[in-house]
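Chain by chain, the residues run as shown.
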Protein chains: 2
Amino acid sequence: MDAITIFKALSDTNRLRIMKMLEQRELCVCEIRSVLELSNSTVSEHLAVLKDAGLILDRKDGKWVNYRLNDRCCVNFIKAVLELLEEHVGDEPALKNDAAKIKKANRYKICCTI
Amino acid sequence: MDAITIFKALSDTNRLRIMKMLEQRELCVCEIRSVLELSNSTVSEHLAVLKDAGLILDRKDGKWVNYRLNDRCCVNFIKAVLELLEEHVGDEPALKNDAAKIKKANRYKICCTI
DNA sequence: AGTATATTTCGGTATATACCGAAATGAAAG
DNA sequence: CTTTCATTTCGGTATATACCGAAATATACT
């Protein structure tokens, strides 16, 4: 059941944080790592789960891989999900902090520091 | 994060099947067990997960406990979820079969046969 | 009170997955 | 061609959870 894959993908705090960050703009693995404070491999694995579920897309750009929300797939559903999260942003400081951090994130400073 | 609880609750095949069945009507544990072919304790645990997430409600009726969808909570979100599932009913024979079985289910015949 | 039935809770097991560091891969630059 | 750096894949571990049967709980009936 495809829906299962989607819900499983969304049923992890770090992956939801990634979805919210990607709402702002396209991001590379390192930028996300710098916010979540997880290892690169773990972030990469989370991104693979979201991608398998069809929730995000990737695009190569030199040595970087940029990830972005997949706006075409299940549009209404994804919107509903993001709205639901929006309702909880107030309750969940992590989501607010992530948004602030990612605004300032500069991949040229962040990367090379694994 | 509350949304996590909701997604976790929905990220299991049997719990999604329960949600679709409850779309038809209120059901007791035994009726659901008869369709899913799991033990009563497992079904009860699944229902507890859905209830904790605020997705369903329960109501005592004599020795039975009737479960139903919680229409009030996160209305748009739940609608989006059920629509998403509806799109997959065609692909997923289990959901069709469940719907047929639950239409015929009679708790007076089903129960007492644990 | 005692029996029957529906449900929940508990203890135990087996599988899934989140995480890490190390190794492998792929692209760009020297 | 070699080095550098971002990312992915792999092996291993620790925690979460889906499942069951048995015991406990709750309600109805005799």
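First things first, this report covers the structure right here in the doc. All figures in this text were calculated on a predicted structure; none of them were measured in a lab.

Procedures and definitions
- Residues numbered from 1 in each chain as written.
- Chains lettered and ligands numbered in written order.
- Predicted model: local features only at pLDDT ≥ 70, side-chain atom pairs only at ≥ 80, totals over all residues.
- Helix = DSSP H or I, 4+ residues; strand = E, 2+ residues; numbered from the N terminus.
- Contact = placed C-beta atoms within 7 Å.
- Core = buried A, V, L, I, M, F, W, Y, C linked by C-beta atoms within 7 Å.
- Buried ≥ 20, exposed ≤ 12 C-beta atoms within 10 Å, placed from the backbone.
- Pairing = 2+ DSSP bridges.
- Near = placed C-beta within 6 Å.
- Nonpolar A, V, L, I, M, F, W, Y, C, P; charged D, E, K, R; others polar.
- Axes fitted to C-alpha atoms, helices over the stretch in contact; angles between N-to-C directions.
- Parallel < 35°, antiparallel > 145°, perpendicular 65-115°, else oblique.
- Left-handed = near helix turned anticlockwise from the far one by under 90°.

Observations regarding the overall build of chain A
Part 1 of the reasoning: Looking only at helices and strands, chain A has 7 helices and 3 strands in total.
Part 2 of the reasoning: The helix and strand sequence of chain A, counted from the amino end, reads α-α-β-α-α-β-β-α-α-α.
Part 3 of the reasoning: Across chain A, contacts joining residues at least 24 apart in sequence account for 62% of those joining residues at least 6 apart.

With respect to the nonpolar core
Part 1 of the reasoning: In terms of nonpolar packing, the biggest core is built from 50 residues, with Ile32 of chain A together with Ile32 of chain B touching the most fellow members.
Part 2 of the reasoning: In this structure, Ile32 of chain B is in contact with Ile18, Met21, Leu27 and Val43 of chain B, ignoring residues within four places of it in sequence.

Comments concerning the sheet that holds strand E3 (residues 64-69) of chain B
Residues and elements named next belong to chain B.
Part 1 of the reasoning: Pairing in this open sheet of 3 strands is antiparallel, and the strands run E1-E3-E2 from one edge to the other. On the outer flanks of this sheet lie strand E1 (27-28) and strand E2 (56-61), each paired with one strand and no other.
Part 2 of the reasoning: Both E1 and E3 contribute to a ladder of 2 bridges, which runs antiparallel. When the sheet's bridge partners are listed, Leu27 is paired in E3 with Tyr67.

Thoughts on the sheet that holds strand E2 (residues 56-61) of chain A
Part 1 of the reasoning: Spatial ordering of the open sheet is given by E1-E3-E2 (chain A), a layout of 3 strands whose pairing is antiparallel. Here the strands that pair on one side only, and so sit at the sheet edges, are strand E1 (27-28) and E2 of chain A.

Side note on unusual backbone geometry
Part 1 of the reasoning: Located in the positive-phi region is Glu37 of chain A, a residue other than glycine, with phi close to 55 degrees.
Part 2 of the reasoning: Among the structural elements, Glu37 of chain A can be located in the loop between helix H3 (29-36) and helix H4 (40-52).

Re the pairing of E2 of chain A
Residue and element names in this part refer to chain A.
Part 1 of the reasoning: In this structure, E2 lies alongside strand E3 (residues 64-69), joined through 6 bridges in antiparallel fashion. Bridge pairing in E3 places Leu57 opposite Arg68.
Part 2 of the reasoning: What sits between E2 and E3 in their antiparallel hairpin is a turn of 2 residues, with Gly62 showing a positive phi close to 60 degrees.

With respect to the protein's contact with DNA strand D
Part 1 of the reasoning: Residues in close proximity to DNA strand D total 29 residues, the closest being Cys28, Ser41, Ser44 and Cys111 of chain A together with Ser41 of chain B.
Part 2 of the reasoning: Counting only elements with at least two residues in the surface near DNA strand D, the list comes to H3, H4 and E3 of chain A together with helix H4 (40-52) of chain B.
Part 3 of the reasoning: At 6 residues, H4 of chain A tops the list of elements feeding residues into the surface near DNA strand D.

A few points about the protein's contact with DNA strand C
Part 1 of the reasoning: Lining the immediate environment of DNA strand C, one finds 29 residues, of which Ser41 of chain A together with Cys28, Ser41, Ser44 and Cys111 of chain B sit closest.
Part 2 of the reasoning: Looking at the surface near DNA strand C, the elements with two or more residues in it are H4 of chain A together with helix H3 (29-36), H4 and E3 of chain B.
Part 3 of the reasoning: The element that contributes the greatest number of residues to the surface near DNA strand C is H4 of chain B, accounting for 6 residues.
Part 4 of the reasoning: Grouping the constituent residues of the surface near DNA strand C by class yields 12 nonpolar, 9 polar and 8 charged.

What to know about the environment of Ser44 of chain A
Part 1 of the reasoning: Here Ser44 of chain A lies in helix H4.
Part 2 of the reasoning: With 15 C-beta atoms packed within 10 Å, Ser44 of chain A lands in the partly exposed category.

Overview of the packing of H3 of chain B against H4 of chain B
Describing two packed helices takes the angle between their axes plus the distance from one axis to the other.
Residues and elements named next belong to chain B.
Part 1 of the reasoning: Where H3 meets H4, the closest approach of the two axes is 9 Å, and the angle between their N-to-C directions is 110 degrees. The pairing of H3 with H4 is recorded here as roughly perpendicular in orientation. Between H3 and H4 lies a crossing of right-handed hand. Judged by residue contacts, Val29, Cys30, Ile32, Arg33 and Leu36 of H3 engage Asn40, Val43, Ser44 and Leu47 from H4.

Some points on the packing of helix H2 (residues 13-24) of chain A against helix H6 (residues 93-104) of chain A
All names here are of chain A.
Part 1 of the reasoning: Interhelical geometry of H2 versus H6 gives an angle of 40 degrees and a closest axis separation of 10 Å. When the axes of H2 and H6 are compared, the pair comes out oblique. For the pair H2 and H6, the crossing hand works out as right-handed. Facing H2, whose interface residues are Arg17, Lys20, Met21 and Gln24, H6 presents Ala94, Leu95, Asp98, Ala99 and Ile102.
Part 2 of the reasoning: For the contact of H2 with H6, a count of residues per class yields 5 nonpolar, 1 polar and 3 charged.

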